[in-house]
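Letter by letter, the chains look like this.
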Amino acid sequence: MTPNFAAATNPLRDGLRRTRRSLPGALVIFGASGDLAHRKLVPALFALQHDDLLDDRTMIVGVSRRDWDDDAFRARMRQGVEEFGRVPVTDAAWGRFAQRLVHHAIREESDAEYAALRERLAAHEARIDAPAENVFYLSTPPSLFAAVSRRLAAAGLFANAVPGVGEDDAGRGRARLVVEKPFGTDLASARALNRDLISLVPESALYRIDHYLGKETVQNLLVFRFANGMFEPLWNSRYVEHVEITVAESIGVAGRGAYFEEAGIVRDMVQNHVFQFLALTAMEPPVEFAADAVRTEKVKVLRALRPIDPARIAESCVRGRYVRGAPGGKEIPGYLEETGVPPGSTTETYVALRLWIDNWRWGGVPWYLRVGKAMPKKVSEIAIHFKPAPHRLFGGDVGQNVLAIRIQPDEGMSLRFLTKLPGPDMVAQPVTMDFRYGTSFGAAPPEAYERLLLDALIGDSTLFTRDDEVEASWQWITALRDAWKGSSVEVPETYEAGTWGPAGADALLERDGYRWRRP
Ligand code: BG6
């Protein structure tokens, strides 16, 4: 399964370079003094420049309340790029990058400050003498999403947030709005936010981020499924016995207790990232690889999810909370010991779910998801367990075919199948065939935010979530959360930090005759 590319080539990057490049204009990041800009967004932009994917006329405006001038902002961002970036920082490359980086203070949320921003963007447009595609990126606390957007609209900055990409008939560039997660906290708040934002910019100009969609391996789910003729005929209830999705992180909530207490793992990870895995793995082939075609198929999966039966929730849902542990000798304090977590907390840091997708393709196939903090290692994978051969010629319980798609780390895939154990007897032995991105492509895949920022700058919303998609996933999650209140799963089971979750999660699978993989 290992293609033989010369080590010096990087088909991923070279492919991108051939066809895609940011459009002239500005990327305006609200919340530029925050952690995300420092650790992810600006390092990703620097990597895009390194890979020659940023037009020289693309300016980056950091908006924050800080009293920074451009140089102070640049110095702070350079630290972030050096510490968290994927590519080396040379003075020459930084010099080129710093020229496009400016800071714009908005302290009082006043009309004057937004008008000044508009003037700054207009001056840039005049300087580059090209229609500017301006992208407004909200990396602020979610409570500000609607308010900042209203200000931007009032300042006229969404006047040309219209469908399409590039220069319009009047020769103007178009504006887009990118919104970070979380997009709502339940169905009602997600709907309200959708309503607020769509009253200001059309859905086609609204880009909701789920950074997992920017991961190469997540996108590869589509290529793997729909570019190969060989797997798709098996990708259904006739051949698949069950599907297992694991998203584990080794860190605990690590100081984010106050945020996490309000969210819990189901809202923090399942509603968005994990449901995206599920939707991409389960969806029907789209008619084309284009934003609406792909998203339409994903929504159908989310709508086909069988609602959890509140009376039988314990059969399908196990919630867990970690207590102090010391995996590998490194102490992780228990969740209840985190600042911002009240003693009576019932917030989950782990969840295991059994789901059913009630449609033609997946009827009768259980989907098991488990997601947790403070697990033995950071690993995300999707494992397709195929039905065993109908008759065992070679005796013994030697297992079945499993296709494991490793999202991260050690990105790749492995296929487990049976072979004859060398020797005089006919004994079947499982072996695996392995594909690794690093080995095959000679480089680690780019960071998720690189792809998403480039797509937003280009005007491609395929890897962003649509309003109906967000609402469909919140609908299921909100019903789940309502169902566990007052039920036997309301108080989470405990597990020691550094273990694979509570005992109840093992029991959930054992009842169906399965066991979780140990990735
Ligand atoms: C974020 C969650 O969306 O994803 C965090 O809020 C989580 O709690 C993070 O740690 C994981 O992202 P990644 O890319 O490191 O797997």
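Residues numbered from 1 in each chain as written. Predicted model: local features only at pLDDT ≥ 70, side-chain atom pairs only at ≥ 80, totals over all residues. Heavy atoms only, no water.

Some thoughts on the pattern of salt bridges
Any two side chains of opposite charge can pair, on the condition that their charged atoms come close. Per the counting criterion, the structure on display carries 47 salt bridges. Put simply, arginine 120 and aspartate 70 hold a salt bridge, and the shortest N to O gap is 3.6 Å. Of this pair, arginine 120 sits in helix 5 (residues 111-128) while aspartate 70 sits in helix 3 (residues 70-84), and the two are 50 residues apart along the sequence. Judged by its relative accessible area of 26%, arginine 120 falls in the partly exposed class. The partly exposed category is assigned to aspartate 70, whose relative accessible area is 23%. With a closest N to O distance of 2.8 Å, glutamate 249 and lysine 373 form a salt bridge. Note that glutamate 249 is positioned in the loop between strand 7 (240-248) and helix 9 (257-282) and lysine 373 in the loop between strand 10 (366-372) and strand 11 (379-386), a separation of 124 residues in sequence. Like lysine 373, glutamate 249 is buried. (Salt bridge = Lys/Arg side-chain N within 4 Å of Asp/Glu carboxyl O. Helix = DSSP H or I, 4+ residues; strand = E, 2+ residues; numbered from the N terminus. Buried < 20%, exposed > 50% of the residue type's maximum accessible area, 1.4 Å probe, protein only.)

Some thoughts on the confidence of the model for the protein
Per-residue confidence for the protein gives a mean pLDDT of 92, with 96% of residues at or over 70. Note on residues 1-13: pLDDT under 50 across the span, and 19 contacts to partners over four residues away in sequence or across chains. (pLDDT = per-residue confidence, 0-100. Contact = heavy atoms within 4.5 Å.)

Quick notes on the sheet that holds strand 3 (residues 101-105)
Taken in spatial order, the 6 strands of this open sheet run 3-2-1-4-5-6, and their pairing is parallel. Because the sheet does not close on itself, it has two edges, and the strands there are strand 3 and strand 6 (206-208). Adjacent strand axes in the sheet meet at a mean angle of 20° when their direction is disregarded. (Pairing = 2+ DSSP bridges. Axes fitted to C-alpha atoms, helices over the stretch in contact; angles between N-to-C directions.)

Some points on helix 3
Here helix 3 contains 15 residues, and its C-alpha end-to-end distance of 21 Å stays within 8% of the 21 Å for a straight helix at 1.5 Å per residue. For helix 3, every residue scored as buried is listed here: Phe73, Arg74, Met77, Gly80 and Val81. Burial along helix 3 is one-sided: seen end-on, the buried residues are contained in an arc of 120°. Opposite the buried face of helix 3, at more than 90 degrees from it, the exposed residues are Asp71 and Glu83. Elements in contact with the buried residues of helix 3: helix 2 (35-50), strand 2 (58-64), helix 4 (91-99) and strand 3. The N-cap residue of helix 3 is aspartate 69: its side-chain oxygen and the backbone nitrogen of aspartate 71 are 3.2 Å apart. (Expected span 1.5 Å × (residues − 1). Arc of directions from axis to C-beta. Polar contact = N/O pair within 3.5 Å; in protein donor to acceptor, adjacent residues only side chain to side chain.)

Some details on the sheet that holds strand 11
Pairing between sheet strands relies on hydrogen bonds along the backbone, with the strands arranged either parallel or antiparallel. Strand order in this open sheet of 9 strands is 14-13-12-11-7-10-9-8-15, and the pairing throughout is mixed. If you trace the sheet from one side to the other, it starts and ends with strand 14 (428-436) and strand 15 (493-496), each paired once. Across this sheet, the average inter-strand angle for adjacent strands is 20°, counted without regard to direction. Here 4 bridges tie strand 8 (residues 317-323) to strand 15, and the two strands are oriented parallel to one another. Across the sheet, residue glycine 320 finds its bridge partner in strand 15, namely glutamate 493.

A short note on helix 6 (residues 145-154)
Because each turn of an α-helix spans 3.6 residues, side chains separated by three or four positions in sequence point in the same direction. By the burial criterion, the buried members of helix 6 are Phe145, Ala146, Val148, Ser149 and Leu152. The arc that holds every buried residue of helix 6, seen down its axis, measures 165°, which confines them to one face. Those residues of helix 6 that are buried are in contact with strand 1 (25-30), helix 5, strand 4 (133-138), strand 5 (175-179) and helix 7 (187-198). Following helix 6 by one or two positions, glycine 156 has its phi on the positive side, about 85°.

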